Amino acid sequence: MRHFIAILLFCPMLSWAGNSLRVTDAWLRALPPGQPNSAAYMVLNNAGEQALTIVAVSSQLAQRVEIHESRQQDGMWRMQAQASLSLAAGQTTVLAPGGRHLMLFGLKRSPREGEQVQFELTLQGGEQVLVTAQVRGFATGGEHDHPHTINLQDSGSDL
Ligand SMILES: [Cu+2]
């Protein structure tokens, strides 16, 4: 730890150039084979003094990753893709079931419980942040089969 701090002190440009995005508690669910899509969740914090914007996300696990927002509309849950996700200075945004999430399209394989999946977040300005997400246990009762329109009565609260 001391060594790490010393490096930061001697290279202040490094810590700033390395951006101010802090990502914690990144996870996604394990899935049975054959599921084409999934979603990932995490807590994003902008520890810097300037706003930052995530403009793209990619993952080794999926062909395409989008930033989505789930909204309840006329009794149905709908997901909407967002072109970017901005964080004001000091802001924390939680990506969680039922709200914003990262949508993974075209899974190359099924995420298994306990494994780790890498995500790459691209910030406006071109910086890239690597995130390691933990795969958690199976969803039960089809709570997150993730069609783009979900009937509330058919889905659990944990969308
Ligand atoms: Cu989605």
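Residues numbered from 1 in each chain as written. Predicted model: local features only at pLDDT ≥ 70, side-chain atom pairs only at ≥ 80, totals over all residues.

Caption draft 1: Layout of unusual backbone geometry. Its identity is not glycine, yet aspartate 25 carries a phi of approximately 55 degrees, on the positive side. Given 13 C-beta atoms within a 10 Å radius, aspartate 25 is considered partly exposed. One non-glycine residue, aspartate 74, lies in the positive phi region at around 55 degrees. Locating aspartate 74 in the fold gives a position in the loop between strand 4 (62-73) and strand 5 (76-82). (Buried ≥ 20, exposed ≤ 12 C-beta atoms within 10 Å, placed from the backbone. Helix = DSSP H or I, 4+ residues; strand = E, 2+ residues; numbered from the N terminus.)

Caption draft 2: Structural detail: the nonpolar core. Ala40, Leu102 and Leu104 are the most contacted members of the largest nonpolar core, which totals 25 residues. Those elements that place two or more of their residues in this core are strand 1 (21-29), strand 2 (37-46), strand 3 (52-59), strand 4, strand 8 (100-107), strand 9 (116-123) and strand 10 (128-136). With 5 residues, strand 2 is the largest single contributor of residues to this core. Ignoring any residue separated from it by four or fewer positions in sequence, one finds alanine 40 in contact with Ala26, Trp27, Leu28, His101, Leu102, Leu104, Phe119 and Ala133. (Core = buried A, V, L, I, M, F, W, Y, C linked by C-beta atoms within 7 Å. Contact = placed C-beta atoms within 7 Å.)

Caption draft 3: Highlighting the environment of glycine 34. On the secondary structure map, glycine 34 appears in the loop between strand 1 and strand 2. Using a count of 7 C-beta atoms within 10 Å as the deciding quantity, one classes glycine 34 as exposed. The spacing of glycine 34 and leucine 107 is 73 residues in sequence and 8.9 Å in space, taken between C-alpha atoms.

Caption draft 4: Spotlight on the confidence of the model for the protein chain. When pLDDT is averaged along the protein chain, the result is 83; 75% of the residues meet or exceed 70. Note that residues 11-17 has pLDDT below 50 and, in this model, 1 contact with residues that lie over four places away or in other chains. Within the model, the stretch residues 147-159 combines pLDDT values under 50 with 24 contacts to residues more than four positions away or in other chains. (pLDDT = per-residue confidence, 0-100.)

Caption draft 5: Spatial organisation of the environment of threonine 24. Summarising the element assignment, threonine 24 is placed in strand 1. Residue threonine 24 is classed as exposed on the basis of its 10 C-beta neighbours within 10 Å. For the pair threonine 24 and valine 43, spaced 19 residues apart in the sequence, the C-alpha separation amounts to 5.2 Å.

Caption draft 6: Region of the structure containing the pairing of strand 2. The buried fraction of strand 2 is high, at 7 of 10 residues. Where strand 1 meets strand 2, 6 bridges bridge the pair, whose relative direction is antiparallel. By the bridge assignment, leucine 28 is partnered in strand 2 with alanine 40. Inspection of the sheet shows strand 2 paired to strand 8 by 4 bridges, in the antiparallel sense. Residue pairing for strand 8: alanine 39 is matched across the bridge by methionine 103. Pairing between strand 2 and strand 7 (residues 92-95): 4 bridges, direction antiparallel. Bridge pairing in strand 7 places methionine 42 opposite leucine 95. (Pairing = 2+ DSSP bridges.)

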